[in-house]
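A look at the structure
Given next are the chains, with one letter for each unit.
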Amino acid sequence: MHDDRTLVESRLKRVLDERIRPAVYPESVPLEVGIWTAPGEPVPVAEGLAAPRTPIAVGDAWGAPWGTSWITVTGTVPEAWAGRTVEALIDLGFDANMPGFQCEGLVYRPDGTPVKGLNPQNQWVRIASPAAGGEQVLLHVEAAANPVILDYHPFLPTELGDKETAGDRPQYKLARMDLAVFDETVWQLVLDLEVLGELMAELPVEGARRWELLRAIERALDAVDLQDVNGTSARARSELAGVLAAPAVPSAHRISAIGHAHIDSAWLWPLRETVRKVARTTANMTALLEDEPDFLYTMSQAQQFAWIKEHRPEVYARVRKAVAEGRFVPAGGMWVESDTNMPSSEAMARQFVHGKRFFLDEFGVENHEAWLPDTFGFTGGLPQIIRNAGSKWLLTQKISWSQVNRFPHHTFLWEGIDGTRIFTHFPPVDTYNCSMKGSEIAHAARNFKDKGVARHSLAPTGWGDGGGGTTREMVAKAARMKDLEGSATVRWEKPAEFFAKAEAEYPDPPVWVGELYLELHRATLTSQAKTKQGNRRSENLLREAELWCTTATLRTGAAYPYEQLDRIWKTVLLHQFHDILPGSSIAWVHREAEATYAALAGELEELIGAAQRALAGDAAGGRELVFNGAPHPRSAVPAGGAAPAAANGAPCTAVERPGGGYTLHNGLLEVAVDADGLIASVVEVASGRETVAPGSRANLLQLHPDFPNMWDAWDVDQFYRNTVTDLTGVDSLTATTGAEQASVRIARSFGSSTVVQTLTLRAGEQRVDIDTEVDWHETEKFLKAAFPLDVHTDRYAAETQFGHLYRPTHTNTSWDAAKFEACNHRFVHLDEPGWGVALVTASTYGHDVTRTVRDTDGGTTTTVRFSLLRAPRFPDPKTDQGVHRFRHALVPGAAIGDAVREGYRIGLPERRVTGSAERVAPLVELDHDALVVSAVKLADDRSGDLIVRVYEAGGGRVRGRLTTSFALADAVPCDLLERPWDGTRGEVTVEDGAVRLALRPFELVTLRLRAAG
């Protein structure tokens, strides 16, 4: 037989495009259209429905950027259509390739009942089936004119990302606005041909099945009368019935499909628009669930459920009903799909606390999976947090985006820094927006790396990022692939059902130890510095607010601000979403985030101040107390308590150096600052050990060009290092001294920017504080601060949630080399046996570590560089422009425990309050420095019990004793949701009124403490 594949395949494409698909709607009549444009932000539904309309026609422009228009369509079903299926086709000016990234609409009935969402892949609204002739049609559309930010030429700078700069030029033109007859037989034929044609293209040419499909398709095309598609479509379908009925082979890959719409809680749209995106999508999905009995849908992010509960209660009622029926599945158990690199230990825990508790309270649903398909890599501390939240599985997909190394598994056990293992799955379909294309399903089967020992994978199915969800076409295609020869089998299954099957079939999966590093989007650790600083400051203030409000409640009877703290926590957690905290959203998002963080800081400062004043007593007492919110004693003030400040040690001096510069001295460190304002030497007096590498200078600001190949705000590509400018020019250099500190102030200018740094040595402190103020006006530049250290080590420690992890300083492998920019929380630490150095930071996350061998003496220079600022132009063309303030510190002679202590200290300053109290005893104290308290709070159930979370911070086994300043009746280990839990692997016992702890490396334990009496 002659090879006519190309001929038939080309015929299939043209006939589908030009004859069969258009015949799905064989008859139509135009609708009448009216419009009203809201003058500002979106208005309540009742106001939008009642507003007067003016006529508008197909082809007319509408929609200034970020504007909302209320569009009304009216019409009459022709008498000739009686008994047929009729739909309204409402095209707001869509581009079919951009669902979720342009204009959208939510359809309402005249009484304000929401019907469904409209997007480029979902433009129909069912009117009736069967319809009555003469039936009147009246629908209202709340149309959002969201501008296209990520266009066909991506990453171009645009002012459309903020309503303050976007202008008012209409973005769209109304397209089709019709009533039409829907021919379901033709529609089914389209799906038959699409599924078989897409499957055929994936099968081997030499296989018989491909040719069977080709011939069946050819027969079907022959059966279609192109002048009467509607009359002959049933005949064409009959030619395909046999090949569609052929069952899959027993060894076929098995795909658990779950309806999904990955909705970014903010990204190329502001938070307020996400509220409406969620309403549009959930309206669509609840309607689809009613129409399709086999279909299941899942949605993560408790925040998004809370939004529709507050703003669209009618939609939420439908969601609640579908959840109760087990078909709309809350997933993930987190407040939002957060970044996991940068949130603090406690914030990462609270993501699960607030997320899981919402689902439990609202639906009675307990999640056992973490659902983070789009998050930019995962820290080694996360497995323990997942387990302590009562969960046991993780789903993600983004690791498939890694630029250099292909991850070796799709299903595996992920082991965290403490040894906790979590059963983890990466969908081999390589998208969280699967559309049930044959190419996607075939790719999942081919790509699955665990063949031979496992057969199941998961496919989140539906338009996402900007929402939209699953379409009826996707459901129809899945039905055809339920059991189809040549294809993987597809079943709609809940995430928990998938994980249970996958775990059962793969009892001994491979193990991956340590962080799941994404070899992409590394610059998200630096972009939008003020958003990151707002997050860190909020985390620190929440720690203090909970600690001091709890202490004040238990000591003075002050009211505990449960509701206020709950609201603030949820706001902070929202802003940890994986496109807000990483700095990859439009200008509007980050402008609002900065204002939100400032408002939260004001509230939290008031709470802290009121609690401390209550604890300090009458201000007329005149006694100054120092409150220490850090987990370690300092200046004779206990952790979590208050006492008078103690003298700090020898006085500090600043002496001019020959040739320029100054030498600072405080009896513990001798710091030489040269004429260029750079740190030429830092000597630990007790050991005589030099910190700065010979021939090098520390605190060197370095400027790089920064124009990645794509994903501007997200990426920094390794070639940025090829060009560097050392900022050594000095505008001024001055020193100041006092009894408590000595400082050197350095002012520089470069490009269009200026920087002022203050290097400070304080009495009694073995630490050099570095305060940096940058007035930043560069474009596409990357600013770093370099510290070349005289330390020989092949690895370094970087703090993460509830501990630290080690990364190599070398590039032996491609995996090592790919980690050229990485995340730390409060410190990085390097050491040789017996001596180490810590670098701590108040608010930066990105850094790099490199090593070289010196020609002069053969010694090793290990250089740590903190990343300070970037200036990408997409999606915010003015990213980071303006004044920024940073604080870092260099700590010579530091063990890992010193790094932990100084890391907390830099973000939790002492607070001084005048009162009558002699001291404020801590509620709890620990007798081992490696045991660190991450939270002290009252139990969320308002029982009055005290919740204390403790973790081992040094990476070793520790036995210690926790004592309380009140008579202790009981201490119960709990999970993160404060429920009794037997998952603690260490020992927790109560003896002699104290709690004895024996914790493994990095183990965390949550204790519920009950007072006696």
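Here's a quick rundown of the structure. In this text, all values refer to a predicted model and were calculated from it rather than measured experimentally. (Residues numbered from 1 in each chain as written. Predicted model: local features only at pLDDT ≥ 70, side-chain atom pairs only at ≥ 80, totals over all residues. Heavy atoms only, no water.)

**Here we look at the overall build of the chain**
When you go through the chain residue by residue, the secondary structure sums to 18 helices and 53 strands. Here the C-alpha radius of gyration of the chain, 31 Å, is about what a compact globule of 1013 residues would show, namely 31 Å. A principal-axis box enclosing the C-alpha atoms of the chain has dimensions of 100 × 70 × 60 Å. Taking all 1013 residues of the chain together, the buried fraction comes to 62%. Long-range pairs, those at least 24 residues apart, make up 74% of the contacts in the chain with a sequence separation of at least 6. As presented, the chain carries roughly 35600 Å² of accessible surface, and 50% of it is formed by carbon and sulfur atoms. In the chain, 104 positive and 134 negative side-chain charges are present, and the distance between their average locations comes to 2 Å. (Helix = DSSP H or I, 4+ residues; strand = E, 2+ residues; numbered from the N terminus. Rg over C-alpha atoms; globule rule 2.2 N^0.38 Å. Buried < 20%, exposed > 50% of the residue type's maximum accessible area, 1.4 Å probe, protein only. Contact = heavy atoms within 4.5 Å. Areas by Shrake-Rupley, 256 points an atom, 1.4 Å probe, with all protein chains shown as cover. Lys, Arg positive; Asp, Glu negative; His and termini not counted. Charge placed at Lys NZ, Arg CZ, Asp CG, Glu CD.)

**A short note on the packing of aromatic side chains**
One pass over the full model with this rule turns up 40 aromatic pairs. Measuring from centroid to centroid gives 5.0 Å for F407 and F412, while their planes differ by 45 degrees, and the two rings are tilted. For the pair shown, F407 and F412 are each scored as buried. Here the aromatic rings of Y720 and F782 are separated by 5.4 Å at their centres, their planes lie at 50 degrees, and the arrangement is tilted. On the criterion of sequence distance, the pair formed by Y720 in the loop between β30 (700-705) and β31 (725-727) and F782 in strand β36 (residues 781-789) is long-range, its members being 62 residues apart. Across this residue pair, the class does not change: Y720 and F782 are buried. Aromatic rings pair up to connect F295, Y297, F305, Y316, F328, W335, F358, F359, F363 and W492 into one cluster. Stacked on the ring of Y904, the Lys or Arg R826 has its end atom at 3.8 Å from the ring centre. (Phe/Tyr/Trp six-rings, centres within 6.5 Å; stacked < 30°, edge-to-face > 60°. Lys NZ or Arg CZ within 6 Å of the ring centre and 35° of its normal.)

**Side note on the sheet that holds strand β51 (residues 987-991)**
The four strands are arranged β46-β49-β52-β51 in an open sheet whose pairing can be described as antiparallel. Whereas interior strands pair on both sides, the edge strands pair on one side only; in this sheet they are β46 (924-926) and β51. Mean inter-strand twist for the sheet, computed between neighbouring axes without regard to direction, equals 20 degrees. For strand β49 (residues 958-964) and strand β52 (residues 994-999), the ladder comprises five bridges, and the chain directions are antiparallel. The partner of L962 across the bridge, within β52, is V995. (Pairing = 2+ DSSP bridges. Axes fitted to C-alpha atoms, helices over the stretch in contact; angles between N-to-C directions.)

**Brief notes about helix α15 (residues 562-574)**
With 13 residues, α15 ought to run about 18 Å at 1.5 Å a step, and its terminal C-alpha atoms sit 18 Å apart, in line with that. Restricting attention to buried positions, one finds in α15 the residues Y562, L565, I568, W569, T571, V572, L573 and L574. The inward-facing, buried residues of α15 contact α6 (271-291), α7 (302-311), α9 (345-363), α14 (529-556), α16 (587-616) and β47 (931-938). (Expected span 1.5 Å × (residues − 1).)

**A word on unusual backbone geometry**
A negative phi angle characterises most non-glycine residues, just as the trans form characterises most peptide bonds. The peptide bond linking S129 to P130 adopts the cis configuration, its omega dihedral lying at 5 degrees. Note on placement: P130 falls in the loop between β9 (124-128) and β10 (136-144). Look at the link from F874 to P875: it is a cis peptide, with omega at 5 degrees. The residue P875 is located in the loop between β43 (860-870) and β44 (882-892) in this model.

**Concerning empty space enclosed by the protein**
A complete count under the given rule lists six cavities of 30 Å³ or more for this structure. Of the voids in this model, the largest cavity is the one considered here, and its volume is about 190 Å³. What lines the largest cavity is a set of 18 residues, and nearest its centre among them are S344, E346, E539, N540 and R826. For the lining of the largest cavity, the secondary-structure elements that each account for two or more residues are α9, α14 and β47. Examining the composition of the lining of the largest cavity, we find that six residues originate from one element, α14, more than from any other. Residue composition of the lining of the largest cavity, grouped by class: six nonpolar, five polar and seven charged. (1 Å grid on protein atoms, 1.4 Å probe; cavity = no way out; pocket = protein on both sides within 12 Å on 5 of 7 lines; lining within 4 Å. Points joined across faces, edges and corners; volume = space filled by probe spheres on them. Nonpolar A, V, L, I, M, F, W, Y, C, P; charged D, E, K, R; others polar.)

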